Amino acid sequence: MDEKAELKVAGKSYFFPVITGSENEKAVDFSKLRDQTGYITYDPGYGNTGACSSAITFIDGEKGILRYRGIPIEDLAEKSTFVETSYLLIYGHLPTKVELEDFRTKLTYHSMIHESMLRFFDGYPSSAHPMCILSSMVSSLSAYYPELLDPVSDEQVDALVPRVLSKIRTIAAYSYKKSIGQPVIYPVNALNYCANFLHMMFAVPSEPYEVDPDVVDTLNTLLILHADHEQNCSTSTVRLVGSSHANLFASVSAGISALWGPRHGGANQAVVEMLEQIHRNGGDVKAAVTAAKDRDSKFLLMGFGHRVYKSYDPRAAIIRRHCDRLLSKQKVKDPLLDIAKRLEETALSDPYFKERNLYPNVDFYSGLIYRALGIPTNMYTVMFSLGRLPGWIAHWREMHQSSDSSRIGRPRQVYTGETISPYVPIEAR
Ligand code: CMC
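Let me begin by describing the structure that accompanies this report. (Residues numbered from 1 in each chain as written. Predicted model: local features only at pLDDT ≥ 70, side-chain atom pairs only at ≥ 80, totals over all residues. Heavy atoms only, no water.)

## Regarding the site of the ligand
Here's step 1: Near the ligand, the surroundings consist of 22 residues, among which H264, R295, L301, G303 and R307 are the closest.
Here's step 2: One of the backbone N or O atoms of G265 is found 3.2 Å from an oxygen atom in the ligand.
Here's step 3: A distance of 2.9 Å separates a nitrogen atom of the ligand from a polar atom in the backbone of F304.
Here's step 4: Protein chains bury 74% of the 940 Å² of accessible surface belonging to the ligand in isolation.
Here's step 5: Here the residues of the shell around the ligand sort into 11 nonpolar, 6 polar and 5 charged. (Near = heavy atom within 4 Å. Polar contact = N/O pair within 3.5 Å; in protein donor to acceptor, adjacent residues only side chain to side chain. Areas by Shrake-Rupley, 256 points an atom, 1.4 Å probe, with all protein chains shown as cover. Nonpolar A, V, L, I, M, F, W, Y, C, P; charged D, E, K, R; others polar.)

Printed below as a string of structure tokens:
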């Protein structure tokens, strides 16, 4: 018999279907709750709300499991490339050789942006954060593809997907070049996705630039680890904006803005700034942990805690290993890595962090790797955006193809303001 959940409210019983996911996670289907009872659910922060069903990513936050399309993140990080993982997330299966080659070719040949867009960059002050440039530039891309913006045309969406993935990478590199006053470097078709990005970031016209294969490998891994994380704040934003049938560029631009905040993707920049601050204060990690526990202070240990993970974030474990490997290969000793490890050890042995299941998240070590790759601090969240792009695209596409989430996203509220009040003329106020 189908499982039902009983709700007793105002003396009456109602029954609602229970739905079960493929990993046996349970949900009560309240989609008819208001129709049947007149009540709505109340769940600020949506911690208990399943806004859709999705076949893209599975997370078990208690066990520290993350899988894309069923494949463990550890295997993808070790064996896949970012381009292959992007294909997997967006199209639902690992590509054949022919499919992968075709996808790579499209990414290669759609990497340039319209030349007139270069002038947009000149309008920003040199102090502009690259995330604001990225989000507005991505929104501006809509202006150049009016014939590809119909979200319910499979043909148009398929033509748009490689353009979004490839051009946003170019914009990200250009926003950096403009911020340091260097000429932009055009994409090179002979280079693969990650090498091409590094070339656009670090080459200058006056001398040849060799892309280091170790750096390419590390970047591939980092982007794979960031590629999707089911219904997080930015992905939910992309879905919500997309549910109004806004085009893919507009939806992704909104996702970039959501990611920028320090509670979300902006945490990678905030972590390194926090570690630098601890370094300046003589490396006292205990003082930082004490400050983070103080309920009266606004200070949080950045890179710690997660809405879903109540154990070690599997991405943080992989990044920590890569960080060690890269720094020892480069024979670099970064004092911030030492501080990060001591900070982690101190926090993990502290009852406050233990009781609340607060562990390092993906952002705790990622900034340190970006630092080792020579990427400046204010570009870290841009790197996260590049990584998260295939996830946003996959969710946006899945939403448009699925029947259960085809309605516009429109939450309700519990109104707590004034009841009906008279309009008082200004002389009488
Ligand atoms: N440092 C100190 N205390 C913390 C921290 C932290 N980093 N994170 C959570 N807590 C405390 C919080 O104050 C609360 O304590 P109490 O129960 O006494 O009120 C308890 O732990 C539960 O936290 P919460 O705020 O209810 O958790 P949440 O699920 O609403 O927030 C979070 C999750 C990631 C926004 C939060 O942990 C945080 O702000 N962390 C720091 C920022 C960060 O690293 N963000 C990156 C998240 S992972 C990648 C991404 O999503 O982009």
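After that view, the rundown keeps rolling.
## Topic: the side chain of T381
Here's step 1: Inspection of the secondary structure assignment puts T381 in helix α18 (residues 380-401).
Here's step 2: Beyond its immediate stretch of four places on either side in the chain, T381 contacts M131, L259, W260, G265, G266, N268 and Q269. (Helix = DSSP H or I, 4+ residues; strand = E, 2+ residues; numbered from the N terminus. Contact = heavy atoms within 4.5 Å.)

## Brief notes about the sheet that holds strand β1 (residues 4-9)
Here's step 1: The 3 strands lie next to each other as β1-β2-β3, forming an open sheet whose pairing is antiparallel. Each end of this open sheet is capped by a strand with a single partner; those strands are β1 and β3 (26-28). In this sheet, neighbouring strand axes are inclined to one another by 30 degrees on average, regardless of whether the strands run parallel or antiparallel.
Here's step 2: Bridge count for β1 against strand β2 (residues 12-20) is 6 bridges, and the pairing is antiparallel. In the strand pairing of β2, A5 is matched with F16. (Pairing = 2+ DSSP bridges. Axes fitted to C-alpha atoms, helices over the stretch in contact; angles between N-to-C directions.)

## Side note on the pattern of salt bridges
Here's step 1: All chains considered together, the criterion is met by 15 salt bridges.
Here's step 2: R397 is paired through a salt bridge with D158; the nearest N and O atoms lie 3.9 Å apart. Separated by 239 residues along the polypeptide, R397 in helix α18 and D158 in helix α7 (residues 154-179) bring together distant segments of the chain.
Here's step 3: As a salt-bridge pair, K293 and D350 come within 2.8 Å of each other at their nearest N and O atoms. Separated by 57 residues along the polypeptide, K293 in helix α13 (residues 285-293) and D350 in the loop between α15 (335-348) and α16 (351-355) bring together distant segments of the chain.
Here's step 4: Taking the relative accessible area as the measure of exposure, K293 reaches 28% and is therefore partly exposed. (Salt bridge = Lys/Arg side-chain N within 4 Å of Asp/Glu carboxyl O. Buried < 20%, exposed > 50% of the residue type's maximum accessible area, 1.4 Å probe, protein only.)

## Remarks on a positive patch on the surface
Here's step 1: A contiguous patch of positive charge, built from K32, R34, R407, R410 and R412, is present on the exposed surface.
Here's step 2: Within the secondary structure, R412 is located in the segment after α18.
Here's step 3: By relative accessible area, which is 55% here, R412 ends up exposed. (Patch = residues over 30% accessible without salt bridge, like charges linked within 9 Å, V, L, I, M, F, W, Y side chains within 5 Å. Lys, Arg positive; Asp, Glu negative; His and termini not counted. Charge placed at Lys NZ, Arg CZ, Asp CG, Glu CD.)

## Brief notes about helix α3 (residues 82-91)
Here's step 1: In terms of burial, α3 is largely enclosed, as 9 of its 10 residues are buried.
Here's step 2: Backbone geometry just after α3 places G92 at a positive phi near 90 degrees.

## As for the nonpolar core
Here's step 1: The biggest cluster of nonpolar side chains holds 111 residues, and the ones touching the most others in it are L301 and L343.
Here's step 2: At 11 residues, the largest contribution of residues to this core is made by α7.
Here's step 3: Excluding its chain neighbours within four sequence positions, the residues that come into contact with L301 are M274, A288, V289, A292, L343, A347 and F353. (Core = buried A, V, L, I, M, F, W, Y, C linked by side-chain atoms within 4.5 Å.)

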